[in-house]
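Analysis of the macromolecular model
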Amino acid sequence: MKLTRRSFGKLAGSGLAAATIPAVFSPAIAQSGPLKIGILAPRSGVAGTAGECGIRAVQWAAERMNKAGGIAGRQIQLIVEEETNPKDTIERFRRLILQEKVESVHGLISTGVSLGVAPVAEEERSLFVMWDGTTQDGVKETMPDPKFVFRSTDNECEAVMGSLLAVKHFKGKFKRVAGINPDYSYGRNNWEAFKQILTRFGVQAEFVAEQWPKVGTLDLTSHVAALKAEKPDLIFSSMLFADLPVFMKQGTAAGLFDGVKVVLPAAGWQLNQLKKEFMPDGVIFGHNTLYFDYADGSALQKAFVADYMDRYKEAPHWEADRAYFALAAYKAGVEAAQKAGGKWPTPDAVAQAIPGLDVESLGGKGRFRKDKIAEQVFYQGPSTNKNKYDFPTLASVDVFQADQLQKPPGVDFWDWIKTGKMPV
Amino acid sequence: MQGVVDVILGGAFHAAVLFLVAAGLQLVFGVQKIINLACGSFYALGAYFGITAVGIAMSLGLPAASFFPVVIAAGLLIGLVGFPIERVLRAVYRRDESYQLLITFGLLLMFQDVFRFVWGATPRTMDNAYLVYGVADIFGVRVPTYNLLVIAASIGIAVTLGLFLQKTRTGRIVRATAENRDMAEGLGVNVSKIFALVFTVGCMLGTVGGALVVPSSAASLEMAVELVVEAFAVVVIGGLGSMSGALVGALIVGLMRAASISIMPEMELLSVYLVVVAVLILKPAGLFGKVTA
Amino acid sequence: MPRISGLWVLAALIAVMAVMPFFASSYMLLMLLPFFGYAIALLGFNLLFGTTGLLSFGHALFLGVGAYTASTLTSKFGVLSYEAILLVSMLVSALVAVIVGALCVRYTKIFFGMLTLAFGMLFHSFLFKFYSVTGGDQGMRVLRPLLLGIDFGGGKTSFLIGPFYYYVLALFAVLGAVMWRITESPFGLHLKAIRENANKAAYVGVQIFRMRLAAFVISAVYGGVGGTILAITTGLADPELAYWTHSGNLVFMAVLGGSGTFVGPVIGALAFVTLQDIVMTVTQYWRFVMGAVLVLLVIFLPQGISGAFKMLFSRQSGGK
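Analysis parameters
Residues numbered from 1 in each chain as written. Chains lettered and ligands numbered in written order. Predicted model: local features only at pLDDT ≥ 70, side-chain atom pairs only at ≥ 80, totals over all residues. Heavy atoms only, no water. Helix = DSSP H or I, 4+ residues; strand = E, 2+ residues; numbered from the N terminus. Rg over C-alpha atoms; globule rule 2.2 N^0.38 Å. Buried < 20%, exposed > 50% of the residue type's maximum accessible area, 1.4 Å probe, protein only. Contact = heavy atoms within 4.5 Å. Buried area = accessible area lost by both parts, 1.4 Å probe. Salt bridge = Lys/Arg side-chain N within 4 Å of Asp/Glu carboxyl O. Polar contact = N/O pair within 3.5 Å; in protein donor to acceptor, adjacent residues only side chain to side chain. Expected span 1.5 Å × (residues − 1). Patch = residues over 30% accessible without salt bridge, like charges linked within 9 Å, V, L, I, M, F, W, Y side chains within 5 Å. Areas by Shrake-Rupley, 256 points an atom, 1.4 Å probe, with all protein chains shown as cover. Pairing = 2+ DSSP bridges. Right-handed = clockwise from strand over helix to strand, strands pointing away. Nonpolar A, V, L, I, M, F, W, Y, C, P; charged D, E, K, R; others polar. Axes fitted to C-alpha atoms, helices over the stretch in contact; angles between N-to-C directions. Left-handed = near helix turned anticlockwise from the far one by under 90°. Core = buried A, V, L, I, M, F, W, Y, C linked by side-chain atoms within 4.5 Å. Phe/Tyr/Trp six-rings, centres within 6.5 Å; stacked < 30°, edge-to-face > 60°. Lys NZ or Arg CZ within 6 Å of the ring centre and 35° of its normal. pLDDT = per-residue confidence, 0-100.

1. With respect to the overall build of chain C
A count of helices and strands for chain C gives 14 helices and two strands. Computed over the C-alpha atoms, the radius of gyration of chain C is 19 Å, within 12% of the 20 Å expected from 2.2 N^0.38 for a compact globule of 320 residues. Per-residue burial for chain C yields a buried fraction of 63% across its 320 residues. Long-range contacts, defined here as pairs at least 24 residues apart, represent 77% of the contacts in chain C between residues at least 6 apart.

Laid out in structure tokens, this is it:
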């Protein structure tokens, strides 16, 4: 997507309004021109590959929607900015809404960044739809009742599903459990959720080893050795960066997985790097909201996957679905609000229209709840290496809806996990 | 017993790679008094290029078992990029050392985007080619033979480097230039040539390190920035400018990390820093360091 | 033509900044707040680098200290007075600086740079690791503070570009004047002597270690203040503030503006913030461009923008 050019002279001259007027976010005055949407996603660093997938997907979505007439008749124009650390990302976010005057911002993958940006979005009254990055901690205090910020499904959904499937497929077949998770909030919450679900379903297991490698560590030989020394029957790992394929590789080489059940709830992100040579069979493999090879997938999904694989020579993962869903939900909200109001809707109107609207995303139907948290469809299952690709696919697919995996509105996650209704 | 062997093998493997990068740093500092913040970038460059080279070699039909020499050759080849980079650095040799540090930081930033442009944001891995050498059993611990090859290669390089510096004529000239550059120049040494040689060898040590490690690991965009911290820890512990310091420092960092992972995983992140602080308090010049101020 | 004193240039800059809110867009003003934070931090940094000759590659440590002090006080202890936040962050920065400095200032040049980098990263790891206290990767919220005891209410942006902007501008003016006095004082002259020739300075009785440590502590205090400004503007204190590449950016700013003059680093902060904004808008490969700018800067314009100006003026007035 072409980025808007600005020169410093233009910047200096463009400031006219007295700055003491509160900066109320207002959509572009020209309501027949292109509809500018800001995209904030990582392009480098540990999450660069995920951001790249999302950006590609939202570009595909915008092209497609534009061919069909755009959003309520206006052509979509994407303005892409890079997500880096909280401070700099907030600055780029402010640029998008104050300088580029976009009508909505979509994106964000990192938890820390989303916790920083969300309050700014609320303050600026700007419609913000997150792709990812929602954990339990800190969310309650920062945003008890958001008006403009739409959050993705909880980060822990995949851990909950993976744990449930571990109980479903492996119950009774393991006694010693080991975990290796990235040393930050996501890894910690996933592991904790897994332990609690096992306890809740009365699985008699001993937690024999826990490893906490730094995010993105590329030398895991010592971790593999430490895990192996404890002779686990089941290994749970929520690693999802470059460290995951390295772990599988080095683990296989050391014989860590011989006769061991493996649960990888977030493996989908690294799908293309998890080569068959070092992936055991029967791994509980998490694809989150998009399983590219799903036989029962919609025509939309199949078209997307075909285009994506043809163009980029690799399989898309769930970030693509998140990006598509954000744009599709926004489109639905704008069109609904416009129909109801008869004119171009304000961000307020759109924000009120979106919750409850059923939207078809790449991975299936999804919607936003009243509390502006997403509900989507999740796909996981035991893996198989018998396929035409050089990475595993799913031998059988378990499909769960978000309301089976996600805490209901207003409920604390750790309370819900002990008592909530679960599909297994 | 098995646990101890695990720690030693894991630590030695990590140390082997760290040593190569740290040795490159030490060599360049010792002779040219430059600290190369982009040492991590050369490491990453070797890793990425190693994957590309092996890919090309395999598609040309070379047998899988040949990939070890391919990887080393790839590392050496891409290390030649040190020559043009050294030419750029020439502009700042006579300047304050701070500027040299800065220019290498600029190179680091540039390299990050070069990697993204050429190889993309997705981490790159080789498939399990490295298992073609099989698996060895050492005191009951199953370790890929490749890991042992890497340790051996690193030792080999260390010995070769040591012999070169101690026994050969060029090596002596290099050491003389390190001791006193102006005197060496006065005695007729072509210092420019020596600098070009030393910097390129320093780069090669980094690129070979990256190329060696990537078959069992992966190449990713942040590996350069992350490695700088560990390499610096090695140099601070071992002492600036000392090759033996690089060796001992790398061993200490590698073994500390492996031991911490085995015994107290939560301390993995901080264990190395603790050693650094301890060394700073007890023997500030580093274990083998000489002049630091 | 008389030599233009750095203090006058600073005053002119402050005057320009004071009238900015009448011309500039909200976005530009919001961009100026981090500039102030960096400018203050750089005044401190340059006391260490330009005046004393010590290059720190870990100055972002103190940005982090200031930021986390602000976040701890506001969100953990409910202390909302910005004056209290400033005071505490200065104290904490000074304390940390005494400890870290005692270990580092014995060494100069490259080794000092390496050590400060290591300590900066140690702090970063600490912030990351002790998540129950610091929030880990998710950071800690920084609530809006009371300025002079007044709760300004209204939207966050109008607070930032209104009352907070002027408060910070005044803070910058005061701290700038103080730093000017420090660099022109006998203490400052001793530091310059140490930079020129440490041995000679020691010979005439200058207490090298103590002077350097003092400079380090002062620079840390300025860094802490800068950190609070960054944190309040962002609304969040996160570990990446202390990452070593952030320290690298500080050095970049100082050299860009010219570390040889008093006001150079401040100009560098402004230039860097503006440049990065433009470059990031124009290309996704902005790291490459910024890196190239740094390389070219060091090779062709090491005295920075202000140094170039100084050369230009001295040439015009007949040179010295």
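2. Description of the interface of chain B and chain C
Listed as interface residues are 44 residues of chain B and, on the opposing side, 42 residues of chain C. In total, about 4,200 Å² of surface goes out of reach between chain B and chain C, with carbon and sulfur atoms giving 77% of it. Across the chain B-chain C interface, the total number found is zero salt bridges. Inspection of the region where chain B meets chain C yields six residue pairs in polar contact (both at pLDDT 80 or more). Elements supplying a minimum of two residues to the side of chain B that touches chain C: helix 5 (97-119), helix 10 (223-238) and helix 12 (268-282) of chain B. Considering every element that reaches the side of chain B that touches chain C, the biggest residue donor is helix 5 of chain B, with 17 residues.

3. Comments concerning helix 9 (residues 243-253) of chain A
Residues and elements named next belong to chain A. Among the eleven residues that make up helix 9, ten are buried, leaving the element largely enclosed by the rest of the structure. Listing the buried residues of helix 9 in full gives Asp243, Leu244, Pro245, Val246, Phe247, Met248, Lys249, Gln250, Gly251 and Ala253. After helix 9 finishes, the residue glycine 255 shows a positive phi value of roughly 75 degrees.

4. As for the environment of C:Met31
Residues and elements named next belong to chain C. Along the polypeptide, methionine 31 turns up in helix 2 (residues 26-51). Placed 112 residues apart in sequence, methionine 31 and leucine 143 show a C-alpha to C-alpha distance of 19 Å. Excluding residues that lie within four positions of it along the chain, methionine 31 makes contacts with Val273, Thr274 and Asp277.

5. Examining unusual backbone geometry
All names here are of chain A. Of note in the backbone geometry, leucine 108 takes a positive phi value of approximately 80 degrees without being a glycine. Structurally, the position occupied by leucine 108 is in the loop between strand 3 (104-107) and helix 4 (111-124). Located in the positive-phi region is lysine 313, a residue other than glycine, with phi close to 60 degrees. With respect to the helices, strands and loops of the structure, lysine 313 is situated in the loop between helix 10 (299-312) and helix 11 (318-341). Since its relative accessible area comes to 67%, lysine 313 is described here as exposed.

6. A closer look at helix 2 of chain C
Residue and element names in this part refer to chain C. Relative to the 38 Å expected for 26 residues at 1.5 Å per residue, helix 2 spans 36 Å between its end C-alpha atoms, a close match to the ideal helical length. The buried fraction of helix 2 is high, at 26 of 26 residues. Following helix 2 by one or two positions, glycine 53 has its phi on the positive side, about 85 degrees.

7. What to know about a nonpolar patch on the surface
Residues and elements named next belong to chain B. On the surface, Val4, Ile8, Leu247, Leu251 and Leu255 cluster together into a nonpolar patch covering about 400 Å² of accessible area. Broken down by secondary-structure element, the contributors of at least two residues to the nonpolar patch are helix 1 (2-32) and helix 11 (243-263). When residues in the nonpolar patch are grouped by element, the largest group, three residues, is from helix 11. Considering the arrangement of structural elements, one finds leucine 255 in helix 11.

8. A short note on the pairing of strand 2 (residues 76-82) of chain A
Residue and element names in this part refer to chain A. The element strand 2 is largely enclosed, with a buried count of six among its seven residues. Here strand 1 (residues 35-41) runs beside strand 2; their pairing, made up of seven bridges, is parallel. Bridge pairing in strand 2 places lysine 36 opposite glutamine 77. For the crossover from strand 1 across helix 2 (residues 48-67) to strand 2, the handedness is right-handed.

9. What to know about the interface of chain A and chain B
Contacts between the two partners involve 38 residues from chain A, matched on the other side by 36 residues from chain B. Our count for the contact surface shared by chain A and chain B stands at three salt bridges. At the boundary of chain A with chain B, the tally comes to twelve residue pairs in polar contact (both at pLDDT 80 or more). Of all elements in the fold, only helix 2, strand 7 (206-211), helix 8 (221-229) and helix 9 of chain A reach the threshold of two or more residues within the side of chain A that touches chain B. Looking at side-chain class alone, the side of chain A that touches chain B contains twelve nonpolar, 14 polar and twelve charged residues.

10. Some remarks on the packing of helix 1 of chain B against helix 11 of chain B
All names here are of chain B. Their axes nearest at 7 Å, the elements helix 1 and helix 11 cross at an angle of 145 degrees. Considering how the two elements wind past one another, helix 1 and helix 11 form a crossing that is right-handed. Taken together, the residues of the contact of helix 1 with helix 11 break down into 18 nonpolar, seven polar and one charged.

11. Re the nonpolar core
The biggest cluster of nonpolar side chains holds 337 residues, and the ones touching the most others in it are A:Phe247, C:Tyr82, C:Phe164 and C:Trp244. With 19 residues, helix 2 of chain C is the single largest residue contributor to this core. Leaving out residues up to four positions away in the same chain, C:Phe164 has contacts with C:Leu33, C:Tyr82, C:Leu147, C:Phe159, C:Ile229, C:Ile232 and C:Thr233.

12. Concerning the packing of aromatic side chains
One pass over the full model with this rule turns up 55 aromatic pairs over all chains. Their ring planes at 40 degrees and their centres at 6.0 Å tell us that A:Phe413 and A:Trp416 sit as a pair that is tilted. Here A:Phe413 pairs with A:Trp416, and both are found in helix 14 (residues 413-419), just three residues apart, close to one helical turn. Ring geometry for B:Phe111 versus B:Phe115: centroids 5.7 Å apart, planes at 25 degrees, classification stacked. Note that B:Phe111 and B:Phe115 are positioned in helix 5 at a spacing of four residues, about one turn of the helix. Across the pair, exposure class does not vary: B:Phe111 and B:Phe115 are buried alike. Taken together through their ring pairs, the aromatic side chains of B:Phe42, B:Tyr48, B:Phe111, B:Phe115, B:Trp119 and B:Phe199 make up a single cluster. The ring of C:Tyr131 carries the charged tip of A:Arg188 above its face, separated from the ring centre by 3.3 Å. Its guanidinium or amino end placed over the ring of A:Phe207, A:Lys195 lies 5.9 Å from that ring's centre, counting from NZ or CZ.

13. With respect to the sheet that holds strand 11 (residues 359-361) of chain A
All names here are of chain A. Strand order in the open sheet formed by three strands is 11-12-13, with antiparallel pairing between adjacent strands. Strand pairing shows two members of the sheet lacking a second neighbour, strand 11 and strand 13 (374-375), which therefore form its edges. The sheet contact formed by strand 11 and strand 12 (residues 364-368) spans three bridges and is antiparallel. Paired with glutamate 360 across the two strands is lysine 365, which belongs to strand 12. Of the strands in this sheet, strand 11, strand 12 and strand 13 touch helix 11, which is tilted by about 155 degrees from strand 11.

14. With respect to the sheet that holds strand 1 of chain A
Read from one edge of the open sheet, five strands run 2-1-3-4-5 (chain A), paired in parallel fashion. Of all the strands in the sheet, the pair left with one neighbour each is strand 2 and strand 5 (149-150) of chain A.

15. A look at the confidence of the model for chain C
Taken residue by residue, chain C gives an average pLDDT of 90. The fraction at 70 or more is 97%. Per the prediction output, this complex has pTM 0.91; the corresponding ipTM is 0.92.

16. Remarks on the pairing of strand 2 (residues 141-144) of chain B
Residues and elements named next belong to chain B. Strand direction decides the pairing type here: strand 1 (residues 135-138) and strand 2, joined by four bridges, are antiparallel. Directly across from alanine 136, in strand 2, lies its bridge partner valine 143. A loop of two residues connects strand 1 with strand 2, the two strands running antiparallel in sequence, and phenylalanine 139 in this loop sits at a positive phi of about 50 degrees.

17. Re the pattern of salt bridges
A full pass over the atoms with the stated rule returns 32 salt bridges over all chains. One salt bridge in this structure joins A:Glu52 and A:Arg56, with 3.6 Å as the shortest N-O distance. Here A:Glu52 and its partner A:Arg56 are both found in helix 2, four residues apart, which amounts to about one turn of the helix. Under the relative-accessibility criterion, A:Glu52 is labelled partly exposed at 23%. The salt bridge involving A:Lys214 is made with B:Glu226; its shortest N-O contact spans 2.5 Å.

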